[in-house]
Amino acid sequence: MRKSPIRKPLGLLIGGILAATAFNAQSAGFAIIENSASGMGNAFAGAAAVAEDASTVYFNPAGLTNLSGSQLVAAGHIIVPSADFSNRGSYVNPALTGGAPIAGSLSGTNDDGGETAFVPNLYYATQINDQWFAGVGINAPFGLATKYDDDWVGRYHAIRSEIKTININPSIAYKLNERFSLGGGVSAQYINATLSNNVDFGTICYGLEAQIPQLPDGTCAAAGMIPTGSDGYAKVKGTDWSFGFNLGAMINFTDHTRVGLAYRSSISQNLEGSADFRVPANFQAILNMGIPLFSDTNAKADIDLPESASISLYHAFNDQWAVLADATWTKWSRFDKLVIKYDNPAQPDTVQPENWDNNMRYSLGATYSPNQTWIFRAGWAYDETPISRTKDRTPRIPGNDRTWVALGLGYRMTNSLSLDAAYSHLFIDDTKLDALDHSTGHQLIGNYESDVDIFSAQLNYKF
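Just so you know, these numbers come straight off a predicted model, no measurement behind them. (Residues numbered from 1 in each chain as written. Predicted model: local features only at pLDDT ≥ 70, side-chain atom pairs only at ≥ 80, totals over all residues. Heavy atoms only, no water.)

Participant: Explain the overall build of the protein to me, using residue names and the numbers behind them.
Facilitator: In terms of helices and strands, the protein carries seven helices and 21 strands. The C-alpha atoms of the protein give 25 Å as radius of gyration, which agrees with the globular expectation for 463 residues (23 Å, within 12%). In terms of principal-axis extent, the alpha carbons of the protein reach across some 80 × 40 × 30 Å. Scored against the burial criterion, the 463 residues of the protein give a buried share of 57%. (Helix = DSSP H or I, 4+ residues; strand = E, 2+ residues; numbered from the N terminus. Rg over C-alpha atoms; globule rule 2.2 N^0.38 Å. Buried < 20%, exposed > 50% of the residue type's maximum accessible area, 1.4 Å probe, protein only.)

Right under this line is the structure:
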């Protein structure tokens, strides 16, 4: 009987090499809420009801009816995340070495996967007549940027994770009367994703030895294949354009109190691209014996980006003071698994369970306008994580429940030109991780200490 330190079904053995493919951003999950600097100052409290500038195109298109004339808004956000990992006993598949620690340059210390990113926004709004209003927004509603050293202890789970989106969102709004407005828009959304990690071909070789007849016992050892010592590399990337819609309503109960309702649809992205592998020379020699695995190939993956719904409140006590509140629900349960399919018929699919939950975000804010020149903002938010179970977390998304504290200000330079600036700090609960590498059985165990700083600025021009 053939013996091997690792015996897994071939599909699981090969298919797990690009597993653990969630994404990290500054709203829970991999959403990006940083879509205006004016809203940032209030931690986006009341985002669907404020309607103070053209960024309402994204947050609630019905808010366009609050804007007169035409307006152009350009904003940018510098996001500075920190995600310090502390190893807490990560180990090699016990069937190989009895559970020895995974070797790595940072196996006993920390690694920071956070990477600074810049997120831009651009909006235009115009009044067509007394009842009809239109606008268009260009922003990035989802995104990620994390990167680790290629010899860190979690290298089999993640090295590089990057996702970029561009959302083009033309919208229109209709003012039924002084109390009620409706709005809607369509979204053309582009996505570009890249994921990479090291592959422990030493362990995989022993697993193949147990299942492929043309590999006799001792082939891997004779070739010098060593578990956790014969690393290669895998990268998958893909792009797609897809479409969705958003709807909104604005209800003005009084001249000082209004409620905004907003809904954004889910968007099904069907990414197509490539999977590239870097295989050690001694393992490639074994593959050349007639094993058609780990060759560069086209690949595709389907991702359902979630729908969300918000209810927001804006109430002005007088000309100087106003309070804001918001509750937003996101259907992250759509992200229950990720499947990567390869054009190479011999390469089994990657199937990674995600098991995310729906989540809520709550926020409160206030504004103070001492005169027509200045406005001061403050806000607080609590953002639930959709990944509540330790075993479902990965180093691609080292996040947990987060609390926002935000400050901002606006300065009117002329009747046409104004500037907004804001700063937010995100306190993220310590995140325990107990992640299995499905291709090898190695276990990454540790704890993340994370936080995020966000700096935002915005220029507004009315004409």
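Continuing now.
Participant: Could you give an account of a nonpolar patch on the surface, with specific residues and numbers?
Facilitator: Residues Leu 72, Leu 122, Ile 138, Ile 166, Ile 168, Trp 241, Tyr 461 and Phe 463 make up a contiguous nonpolar surface patch of about 710 Å² in total accessible area. As for its placement among the helices and strands, Leu 72 is situated in strand β1 (residues 70-87). (Patch = residues over 30% accessible without salt bridge, like charges linked within 9 Å, V, L, I, M, F, W, Y side chains within 5 Å. Areas by Shrake-Rupley, 256 points an atom, 1.4 Å probe, with all protein chains shown as cover. Salt bridge = Lys/Arg side-chain N within 4 Å of Asp/Glu carboxyl O.)

Participant: How would you sum up the pairing of strand β11 (residues 297-305)? Please name residues and give values.
Facilitator: Because side chains alternate across β11, one face comprises the buried residues Thr 297, Ala 299, Ala 301, Ile 303 and Leu 305, and the other comprises Asn 298, Lys 300, Asp 302 and Asp 304, none of which is buried. Looking at chain direction, strand β10 (residues 267-278) and β11 are connected through nine bridges and run antiparallel. Bridging from a neighbouring strand, Leu 271 pairs with Ala 301 of β11. Relative to strand β14 (residues 337-342), β11 runs antiparallel, the two sharing three bridges. For Lys 300, the partnering residue across the bridge sits in β14 and is Lys 341. (Pairing = 2+ DSSP bridges.)

Participant: I'd like to hear about the environment of Asp 84, residue by residue, with values.
Facilitator: With respect to the helices and strands, the residue Asp 84 is situated in strand β1. On the basis of relative accessibility, which here comes to 29%, the residue Asp 84 falls in the partly exposed class. Considered as a pair, Asp 84 and Asn 447 are 363 residues apart in the sequence and their alpha carbons are 8.1 Å apart. Ignoring any residue separated from it by four or fewer positions in sequence, one finds Asp 84 in contact with Asp 111, Asp 112, Asn 447, Tyr 448 and Glu 449. (Contact = heavy atoms within 4.5 Å.)

Participant: So what's going on with the packing of aromatic side chains? Residues and values would help.
Facilitator: Applying the stated criterion to the full structure yields 26 aromatic pairs. With a centroid separation of 5.4 Å and 45° between ring planes, the pair formed by Tyr 190 and Trp 241 is classed as tilted. A residue pair is termed long-range when its members are at least 10 positions apart, and Tyr 190 in strand β7 (residues 180-200) and Trp 241 in strand β8 (residues 231-252) qualify at 51 residues. Under the relative-accessibility criterion, Tyr 190 is labelled partly exposed at 22%. (Phe/Tyr/Trp six-rings, centres within 6.5 Å; stacked < 30°, edge-to-face > 60°.)

Participant: Tell me about the environment of Val 236, and please be specific about residues and values.
Facilitator: Here Val 236 shows up in strand β8. Residue Val 236 is classed as buried on the basis of its relative accessible area of 9%. Along the primary structure Val 236 and Asn 298 are separated by 62 residues, whereas in three dimensions their C-alpha atoms are 9.0 Å apart.

Participant: Tell me about the pattern of salt bridges, and name the residues and values.
Facilitator: Counted by the stated rule, this structure contains 13 salt bridges. Note that Asp 392 is salt-bridged to Arg 389, the shortest N-O span being 2.8 Å. Bridged by salt links that share partners, the residues Glu 115, Arg 160, Glu 162 and Lys 164 form one connected network.

Participant: I'd like to hear about empty space enclosed by the protein, residue by residue, with values.
Facilitator: Applying the stated criterion across every chain yields a total of six cavities of 30 Å³ or more. Put simply, the largest cavity is a space of about 570 Å³. What lines the largest cavity is a set of 36 residues, among which Tyr 58, Arg 264, Ser 308, Thr 328 and Thr 330 lie closest to the centre. Mapped onto the lining of the largest cavity, the elements with two or more residues apiece are α3 (56-59), β7, β9 (257-264), β12 (308-316), β13 (321-330) and β16 (359-368). Each residue belonging to the lining of the largest cavity can be placed in one class, and the counts come to 20 nonpolar, 11 polar and five charged. There is about 170 Å³ of room inside the second largest cavity. What lines the second largest cavity is a set of 16 residues, and nearest its centre among them are Ala 193, Val 236, Gly 238, Leu 271 and Ala 301. (1 Å grid on protein atoms, 1.4 Å probe; cavity = no way out; pocket = protein on both sides within 12 Å on 5 of 7 lines; lining within 4 Å. Points joined across faces, edges and corners; volume = space filled by probe spheres on them. Nonpolar A, V, L, I, M, F, W, Y, C, P; charged D, E, K, R; others polar.)

Participant: With reference to specific residues and values, describe unusual backbone geometry.
Facilitator: Phi angles above zero are rare outside glycine, and Ala 43 is one such case at about 55°. Here Ala 43 lies in the loop between α2 (37-40) and α3. You will see that Thr 228, though not glycine, has its phi angle at about 60°, which is positive. Inspection of the secondary structure assignment puts Thr 228 in the loop between α6 (219-222) and β8. Owing to a relative accessible area of 18%, Thr 228 belongs among the buried residues under this scheme.

Participant: Please set out the nonpolar core residue by residue, giving values where relevant.
Facilitator: Counting 42 residues, the largest nonpolar core has Phe 201, Phe 283 and Phe 294 as the members making the most contacts within it. Of all the secondary-structure elements, those providing two or more residues to this core are β7, α5 (201-209), β8, β10, α7 (281-287), β11 and β14. Per-element accounting of this core gives the leading share, five residues, to α5. Residues in contact with Phe 283, not counting those within four places in the same chain, are Phe 201, Ile 204, Cys 205, Leu 208, Met 225 and Phe 294. (Core = buried A, V, L, I, M, F, W, Y, C linked by side-chain atoms within 4.5 Å.)

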